[in-house]
Amino acid sequence: MRPAPESAEWHLVTGEFPPQPGGVSDYVRGVAEGLALAGDRVHVWCPPAPGAAPDVPGVEVHRALGAMSPADLRRAGRLLDGFPAPRRLLVQWVPHSFGWRTMNLAFCLWVWRRSARGDRVEVMVHEPYLPFSRASWKQSAVAAVHRVMAATLLRAADRVWVSTPAWAARWRRYRLGRRPPFAWIPIPSNVPVVADPGGARELRARLLPGGGHLLGHFGT
C-alpha cells in the first residue's frame, strides 16, 4: 500500500481577494479552494478590504499587505517568517494590482529578497506590462518601469505560469540570463452554470424572433 502523498503548503500573494471585485480576485479564490480540496494547506496574503473574506475550508486569509509600502511588506515578511521554510510563494502578477500607480517596484524587490532567503517563488502572469505609446510619454515611462518590475520578478522566479501563451514570449525577453521554466495555465470561467433551458429559449425568442446566432460578451 502506497503512503498518502505529503500535502504542500502554499502562500498565494495577490493584490485582490474577495470581497474585492475583479477577475484576479475570483481566480485566486478558485485556485485556493482547489488546492485546499486537494489536501494542501493554503494561505492567501492580500491587502485589507471592506467586508469579510469568504469562508473557504482549508484556506487562511492574511490581510497583511496593507498599502504594500516597504514598511507594510517588511511587516508581512515577518509574519511569513513564522511559517516553516522554505515557503512556497505563488505571486498573482498584474501590475495594476499592487498600488503605487502600477509602479510598485518595492513589491518586486521584496519578492526577490524572499527568493534570495530561500523561499520558492512562482509567478502567475495574468497581464505582463503596459505597451509603449508614441502618443503618451507618461504611459511609455510606466511601461518602462513595468519591464524593470518583470525583470526583477524573473530574477526571483523558480517557475513562471502564464494565462495565455503570448505572455511567455513577452516575459522571456527580460530573463537576463536566468532560465525559469514557463508553462501555460488556461483561465477557467468564473461564471456559474445556470441550467435553465426554458429561460434560454425565452430569451432567444425575445431577442431573435426570426432565428439566428446569439452572442454575448462581458465588455468591449
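Keep in mind that this is a model prediction, so the values were computed, not measured. (Residues numbered from 1 in each chain as written. Predicted model: local features only at pLDDT ≥ 70, side-chain atom pairs only at ≥ 80, totals over all residues. Heavy atoms only, no water.)

Caption draft 1: Structural detail: the pattern of salt bridges. For the coordinates displayed, the defined rule picks out 10 salt bridges. Between R87 and D119 there is a salt bridge, with its nearest N and O atoms 3.1 Å apart. Residue R87 is found in the loop between α2 (70-80) and β4 (88-93), and its partner D119 is found in the loop between α3 (105-116) and β5 (120-125); the two are separated by 32 residues along the sequence. For R87, a relative accessible area of 7% puts it in the buried group. Taking the relative accessible area as the measure of exposure, D119 reaches 3% and is therefore buried. One network of salt bridges, with partners in common, ties together D81, R87, R114, R117 and D119. (Salt bridge = Lys/Arg side-chain N within 4 Å of Asp/Glu carboxyl O. Helix = DSSP H or I, 4+ residues; strand = E, 2+ residues; numbered from the N terminus. Buried < 20%, exposed > 50% of the residue type's maximum accessible area, 1.4 Å probe, protein only.)

Caption draft 2: Looking closely at the environment of V194. In this structure, V194 sits in the loop between β7 (182-184) and α6 (197-207). The spacing of V194 and G210 is 16 residues in sequence and 25 Å in space, taken between C-alpha atoms.

Caption draft 3: Up close: the state of the cysteines. Applying the stated criterion across every chain, the model contains 0 disulfides. Cysteine C46 remains unbridged, with the sulfur of C108 as its closest cysteine sulfur at 18 Å. Judged by its relative accessible area of 0%, C46 falls in the buried class. Judged by its relative accessible area of 0%, C108 falls in the buried class. (Disulfide = S-S within 2.5 Å.)

Caption draft 4: Representation of the packing of aromatic side chains. Applying the stated criterion across every chain, the model contains 5 aromatic pairs. The interplanar angle of 35° and the centroid separation of 6.0 Å between the aromatic rings of F107 and W110 together place this pair among those described as tilted. In this pair, F107 and W110 are both assigned in helix α3, 3 residues apart and thus about one turn of the helix distant. Here the aromatic cluster, defined as three or more aromatic residues joined through ring pairs, consists of W93, F98, F107 and W110. (Phe/Tyr/Trp six-rings, centres within 6.5 Å; stacked < 30°, edge-to-face > 60°.)

Caption draft 5: Up close: the sheet that holds β5. Spatial strand order, β3-β2-β1-β4-β5-β6-β7: 7 strands in an open sheet with parallel pairing. The open sheet is flanked by β3 (59-62) and β7, the only strands paired with a single partner. Neighbour-to-neighbour, the strand axes of this sheet turn through a mean angle of 20°, independent of strand direction. (Pairing = 2+ DSSP bridges. Axes fitted to C-alpha atoms, helices over the stretch in contact; angles between N-to-C directions.)

Caption draft 6: Representation of the nonpolar core in the model. The biggest cluster of nonpolar side chains holds 35 residues, and the ones touching the most others in it are W93, F107 and W171. With 6 residues, the single largest contributor to this core is helix α4 (residues 137-156). If sequence neighbours within four positions are ignored, W171 has contacts with W93, V123, V125, P128, Y129, A150, L153, L154, V160 and F182. Counting 18 residues, the second-largest nonpolar core is a separate cluster that includes F17, V44, C46 and M124. (Core = buried A, V, L, I, M, F, W, Y, C linked by side-chain atoms within 4.5 Å. Contact = heavy atoms within 4.5 Å.)

Caption draft 7: Representation of the pairing of β4 in the model. With respect to burial, β4 is a largely interior element, 5 of its 6 residues being buried. Here strand β1 (residues 9-13) runs beside β4; their pairing, made up of 4 bridges, is parallel. Following the sheet pairing, H11 is matched in β4 by L89. Tracing the backbone out of β4, into α3 and back to the parallel element β5 gives a crossover that is right-handed. (Right-handed = clockwise from strand over helix to strand, strands pointing away.)

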